[in-house]
Amino acid sequence: QVQLVESGGGLVQAGGSLRLSCAASGRTTSTYAMAWFRQAPGKEREFVAFLNRYGGNTVYADSVKGRFTISRDNAKNTVSLQMNSLKPEDTAVYYCAASYVGSSAKSRYDYWGQGTQVTVSS
């Protein structure tokens, strides 16, 4: 099992950047596929990006391609999401998740963090 804690959220203006971090304990993140999801008020939780286990391939939602980057730091046992050129529609609670197999479907993930709020003002 693994425990996940997100950090790095905050308030930024449109066009700005934020870097989210997900710290893992219990097991190393390299043994799991790691993902970021987000959920805005009144909307379903949606896929943002995932990184396959052991430094495998990365997959991004079309809405964030070219703007967001997911990465893993094995030494620190963390996964990050670098978010650039932020838009007001990126406003949401961002969640870190872990799965045995990489997927864009939230039902595939067994472990979730508590989430961190990202607010982008216009």
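Our subject is the structure that appears above.
The structure presented is a predicted model; accordingly, all values stated were derived computationally and were not measured. (Residues numbered from 1 in each chain as written. Predicted model: local features only at pLDDT ≥ 70, side-chain atom pairs only at ≥ 80, totals over all residues. Heavy atoms only, no water.)

### A closer look at the state of the cysteines
Turning to step 1, where the next piece is worked out: Applying the stated criterion across every chain, the model contains one disulfide.
Turning to step 2, where the next piece is worked out: Each sulfur in the disulfide pair Cys22 and Cys96 lies 2.1 Å from the other. Across the S-S bond linking Cys22 and Cys96, the dihedral sits near -80°, which makes this disulfide left-handed. Of the two residues, Cys22 sits in strand E3 (residues 18–25) while Cys96 sits in strand E9 (residues 92–99), which places them 74 residues apart along the sequence. For the pair Cys22 and Cys96, one class covers both residues: buried. (Disulfide = S-S within 2.5 Å. Helix = DSSP H or I, 4+ residues; strand = E, 2+ residues; numbered from the N terminus. Buried < 20%, exposed > 50% of the residue type's maximum accessible area, 1.4 Å probe, protein only.)

### A few points about the pairing of E3
On a regular strand, one side chain projects to one face of the sheet and the next to the other, so that they alternate.
Turning to step 1, where the next piece is worked out: Residues of E3 alternate between two faces, with Leu18, Leu20, Cys22 and Ala24 buried on one and Arg19, Ser21, Ala23 and Ser25 left unburied on the opposite face.
Turning to step 2, where the next piece is worked out: Direction of pairing for strand E1 (residues 3–7) relative to E3: antiparallel, over a ladder of five bridges. Each residue of the ladder has a partner; that of Glu6, found in E3, is Cys22. (Pairing = 2+ DSSP bridges.)

### A short note on the sheet that holds strand E8 (residues 78–83)
Turning to step 1, where the next piece is worked out: The antiparallel open sheet is built from four strands, whose spatial order is E1-E3-E8-E7. Two strands lie at the open edges of the sheet, namely E1 and strand E7 (68–73), each paired on one side alone. In this sheet, neighbouring strand axes are inclined to one another by 20° on average, regardless of whether the strands run parallel or antiparallel.
Turning to step 2, where the next piece is worked out: Where E3 lies against E8, six bridges are found, and the strand directions are antiparallel. Paired with Cys22 across the bridge in E8 is Val79. (Axes fitted to C-alpha atoms, helices over the stretch in contact; angles between N-to-C directions.)

### Some details on the environment of Asp110
Turning to step 1, where the next piece is worked out: Within the secondary structure layout, Asp110 lies in the loop between E9 and strand E10 (111–112).
Turning to step 2, where the next piece is worked out: C-alpha separation for the pair Asp110 and Val2, spaced 108 residues apart in sequence, amounts to 9.4 Å.
Turning to step 3, where the next piece is worked out: Residues contacting Asp110, with those up to four places away along its chain left out, are Ala98 and Tyr100. (Contact = heavy atoms within 4.5 Å.)

### Section: the nonpolar core
Turning to step 1, where the next piece is worked out: Ranked by internal contacts, the top residues of the largest apolar core, which has 35 residues, are Trp36, Leu81, Met83 and Tyr94.
Turning to step 2, where the next piece is worked out: If you list the elements that add at least two residues to this core, you get E3, strand E4 (33–39), strand E5 (46–51), E7, E8, E9 and strand E11 (116–121).
Turning to step 3, where the next piece is worked out: Beyond its immediate chain neighbours, meaning those up to four positions away, Met83 contacts Gly16, Ser17, Leu18, Leu20, Arg67, Phe68, Tyr94 and Val118. (Core = buried A, V, L, I, M, F, W, Y, C linked by side-chain atoms within 4.5 Å.)

### Describing the environment of Ala49
Turning to step 1, where the next piece is worked out: Here Ala49 is to be found in strand E5.
Turning to step 2, where the next piece is worked out: When the C-alpha positions of Ala49 and Leu81 are compared, they lie 8.6 Å apart, and in sequence the two are 32 residues distant.
Turning to step 3, where the next piece is worked out: Once you skip the residues sitting within four places of it in the chain, Ala49 turns out to touch Met34, Ala35, Trp36, Val59, Tyr60 and Ile70.

### Concerning the packing of aromatic side chains
Within a pair of aromatic rings, the relevant descriptors are the distance that separates the centres and the angle that separates the planes.
Turning to step 1, where the next piece is worked out: The tally for this structure, following the rule as stated, stands at seven aromatic pairs.
Turning to step 2, where the next piece is worked out: Where Phe37 meets Trp112, the ring centres are 5.2 Å apart and the plane angle is 55°; that geometry is what we call tilted. Linking Phe37 in strand E4 with Trp112 in strand E10, this pair joins segments that are 75 residues apart in sequence.
Turning to step 3, where the next piece is worked out: Given a relative accessible area of 1%, Phe37 falls into the buried group. (Phe/Tyr/Trp six-rings, centres within 6.5 Å; stacked < 30°, edge-to-face > 60°.)

### Some thoughts on the side chain of Ser80
Turning to step 1, where the next piece is worked out: Its place among the elements puts Ser80 in strand E8.
Turning to step 2, where the next piece is worked out: Leaving out residues up to four positions away in the same chain, Ser80 has contacts with Arg19, Leu20, Ser21, Trp36, Thr69, Ile70 and Ser71.

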